[in-house]
Amino acid sequence: MADNLSEALKTLKLSSADSVEGCLDCLLKALAHNNVETSGKIQEMGVLAMMPALLSAQNSCTPKVANIIAEVAKNEFMRSPCVEAGLIPPLVQLLNSKDQEILLQTGRALGNICYDSHSLQAQLIIMGVIPTLVRLLGVHSQNTALTEMCLIAFGNLAELESSKEQFASTNIAEELVRLFRKQVEHEKKEMIFEVLAPLAENDVIKLQLVDAGLVECLLEVVAQTVDSDRDEDVAQLKTSSDLMVLLLLGDESMQKLFEGGKGSVFQRVLSWVPSNNHQLQLAGALAIANFARNDGNCIHMVDTGIVQKLLELLDRHVEEGNVTVQHAALSALRNLAIPVVNKSKMLLAGVSDVVLKFLKSEMPPVQFKLLGTLRMLIDTQADAAEQLGTNTKLVERLVEWCEAKDHAGVMGESNRLLSALIRHSKSKDVVRTVIQGGGVKHLVIMATSEHMIMQNEALVALGLIAALDLDCAEKDFVAANLVQVLHRLLTDEHSAPEIKYNSMILICSIMGSEPLHKEVQSLAFIDVVSGLRSHENKTVAHQASLTEQRLTAQS
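- The protein carries the name Rap1 GTPase-GDP dissociation stimulator 1-like isoform X3 in an unreviewed UniProt entry, which gives Carassius auratus as its organism.

## Quick look at the overall build of the protein
Here comes step 1: Counting its regular elements, the protein contains 37 helices and zero strands.
Here comes step 2: Expected size for 555 residues packed as a compact globule is a radius of gyration near 24 Å; at 34 Å, the protein overshoots this value by more than 25%.
Here comes step 3: Its C-alpha atoms give the protein principal-axis dimensions of about 110 × 55 × 40 Å.
Here comes step 4: The buried share of the protein, reckoned over its 555 residues, is 55%.
Here comes step 5: Contacts in the protein between residues at least 24 apart in sequence constitute 71% of all its contacts with a sequence separation of at least 6.
Here comes step 6: Total accessible area on the protein is roughly 24,600 Å²; 51% of this is exposed by carbon and sulfur atoms.
Here comes step 7: For the protein, the separation between the mean place of its 48 positive charges and that of its 68 negative charges on side chains is 3 Å.

## Looking at the packing of aromatic side chains
Here comes step 1: Enumeration over the complete set of coordinates arrives at five aromatic pairs.
Here comes step 2: Taking the centre distance of 5.6 Å and the plane angle of 45° together, the rings of F258 and F291 count as tilted. Of this pair, F258 sits in helix α18 (residues 251–258) while F291 sits in helix α20 (residues 278–291), and the two are 33 residues apart along the sequence. Exposure class is identical for F258 and F291. Each is buried.

## Here we look at the packing of helix α22 (residues 306–316) against helix α23 (residues 323–336)
Here comes step 1: Two elements in contact, α22 and α23, have axes whose closest approach is 10 Å; the angle formed by their N-to-C orientations is 155°. Taken together, α22 and α23 sit at an angle that is classed as roughly antiparallel. Both α22 and α23 take part in a crossing whose hand is left-handed. Along the contact surface, α22 presents I306, V307, L310, L311, L313 and L314, while α23 presents V325, Q326, A329, L330, A332, L333 and L336.
Here comes step 2: Across the contact of α22 with α23, the residue classes tally to twelve nonpolar, one polar and no charged.

## A word on the UniProt feature "repeat: ARM" (unreviewed entry) in the protein
Here comes step 1: Per the UniProt record, "repeat: ARM" (unreviewed entry) is annotated on residues 86–128 and 305–337.
Here comes step 2: For residues 86–128, helix accounts for 70% and strand for 0%, while the C-alpha atoms at its two ends are 17 Å apart.
Here comes step 3: When the span residues 305–337 is considered, its composition is 76% helix and 0% strand, and the gap between its end C-alpha atoms is 13 Å.

## Points about helix α9 (residues 118–126)
Here comes step 1: Regarding α9, the residues found buried are L120, Q121, L124 and I125. Relative to the axis of α9, the buried residues are bounded by an arc of 150° and lie together on one face. In α9, the exposed positions that point more than 90 degrees away from the buried face belong to S119 and I126.
Here comes step 2: Residues of α9 that are buried make contact with α6 (76–84), α7 (88–94), α8 (100–113), α10 (129–139), α11 (144–157) and α12 (161–168).
Here comes step 3: Two residues or fewer after α9 comes G128, characterised by a positive phi angle close to 85°.

## Topic: the domain arrangement of the protein
Here comes step 1: Examined at the domain level, the protein breaks down into domain 1 (1–115), domain 2 (401–475) and domain 3 (481–554).
Here comes step 2: Taking only C-alpha atoms into account, the centre of domain 2 sits 20 Å from that of domain 3.
Here comes step 3: Domain 2 puts 13 residues into the contact, and the matching count from domain 3 is 18 residues.
Here comes step 4: Each partner contributes to the roughly 1,200 Å² buried at the junction of domain 2 and domain 3, and carbon and sulfur atoms together form 76% of this total.
Here comes step 5: By the criterion of area lost to domain 3, the three top residues of domain 2 are L459, L470 and E474, representing 39% of everything that side buries.
Here comes step 6: Counting residues per element, the side of domain 2 that touches domain 3 draws most heavily on helix α32 (residues 452–479), which supplies ten residues.
Here comes step 7: Grouping the constituent residues of the side of domain 2 that touches domain 3 by class yields eight nonpolar, four polar and one charged.

Scoring rules and cut-offs
Residues numbered from 1 in each chain as written. Predicted model: local features only at pLDDT ≥ 70, side-chain atom pairs only at ≥ 80, totals over all residues. Heavy atoms only, no water. Helix = DSSP H or I, 4+ residues; strand = E, 2+ residues; numbered from the N terminus. Rg over C-alpha atoms; globule rule 2.2 N^0.38 Å. Buried < 20%, exposed > 50% of the residue type's maximum accessible area, 1.4 Å probe, protein only. Contact = heavy atoms within 4.5 Å. Areas by Shrake-Rupley, 256 points an atom, 1.4 Å probe, with all protein chains shown as cover. Lys, Arg positive; Asp, Glu negative; His and termini not counted. Charge placed at Lys NZ, Arg CZ, Asp CG, Glu CD. Phe/Tyr/Trp six-rings, centres within 6.5 Å; stacked < 30°, edge-to-face > 60°. Axes fitted to C-alpha atoms, helices over the stretch in contact; angles between N-to-C directions. Parallel < 35°, antiparallel > 145°, perpendicular 65-115°, else oblique. Left-handed = near helix turned anticlockwise from the far one by under 90°. Nonpolar A, V, L, I, M, F, W, Y, C, P; charged D, E, K, R; others polar. UniProt positions renumbered as here; feature names shortened; annotations may be inferred. Arc of directions from axis to C-beta. Domains from an automatic or database assignment. Buried area = accessible area lost by both parts, 1.4 Å probe.

Dropping the structure here:
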């Protein structure tokens, strides 16, 4: 075999067109026998340099030349030499051929050379292979091998962000949906799914896929696989429902499928929530969360009883429930609670009672969504804020989560909810519950947050604590170094006007406490405040004058 190979390689270098074919057959045979060794020999003898000319000749040998390149490029050590030999441009040119065998072998060769190389794949995109391959898929959809070659190429290229714009300018959505409808085998559907998922991350393509009828195909797959426990059916159900949720992440595609809440797709997805299949429950809840991305949709959904469906779903997952389903259902409730008109309706429906059942959860994603949902619900709802703010168990858990340093999201949301309970209730009972639960020090720390909105929320809550129950809070204020924190906020030139304003309001509120008053005097606050009287913000300047008068009167 080795002698034949060397002979064939020599002949190939010297040969005329007639003897080339025999040499190519010999090379293919040798590659089939020992690919690595043969590839090394091909490189040593400089045969790659001859390939561009052989490819450009476009004759009966062309498919064999492309096949040899495809086989050689299976080896990682041969990919750079293939690029250096200038094989990519003639191969790309061959994608315009009408010969199906040439197309197949050319696609394989390009795929193997560019395998795992984002830079080479990006080069192919610049050379315009995407529109060419989409056209091939349409023309040769009866050729299974060519179709698969196109799908593999799409799957690799679609991972690159630079490909999305080119894909969006073709009719890829129609071609893929047409192909998907024809497939019966699980493997073939999976191949198409692997292309659809990265493409559907692009909002323009999302809408094209919806217009092309992908959603109907996905709903059909769900209907066919929902009652099956075969592994491949379970996998297809998951992929289809996940893809469905992904399509809803685009604003236009989501609104198109919502159809004012009357869309058949919207109704079908709603029916997933009460199903017994965890994957469908999850997809249904996530779909509602995605539909609930504008006030109009949220109001319509709450008015049509969706909250009840979500509460029933959560109730099924309280004890040893599925964490992803809990997280998804809480996300949906949080989004639905954003419009002001929905809050009282959702509170009446008992949302806060069901959400509180998850207080014992040890899963940070569930804790995070639970906190966000409660915070949205009590916004502007004084009675609900008072009811929750006097719930000792809730306040104790919030104080505990305020120390969850490993989970910044949970820590931030706990602080914000603690502050919100005070700000929206303006209740002395809530203030007392927070003080007794050890929440004051966390609100003082929150006032030093890097996020202005959190600083502000903390200062307003602390101002209410001082105004409603200074005697009870005095010890905690001193222990948490509140006065030093306020001094820092007022002297920091980066502090926003609102922060300076609320810090001065708070200083005035704590002057009735002897130890705090002493601290204010010792830190020469009068000088700091006096300097703010010329602040460019008129509200800050005015408050500085009032605060200075107050400090002077009490000095």
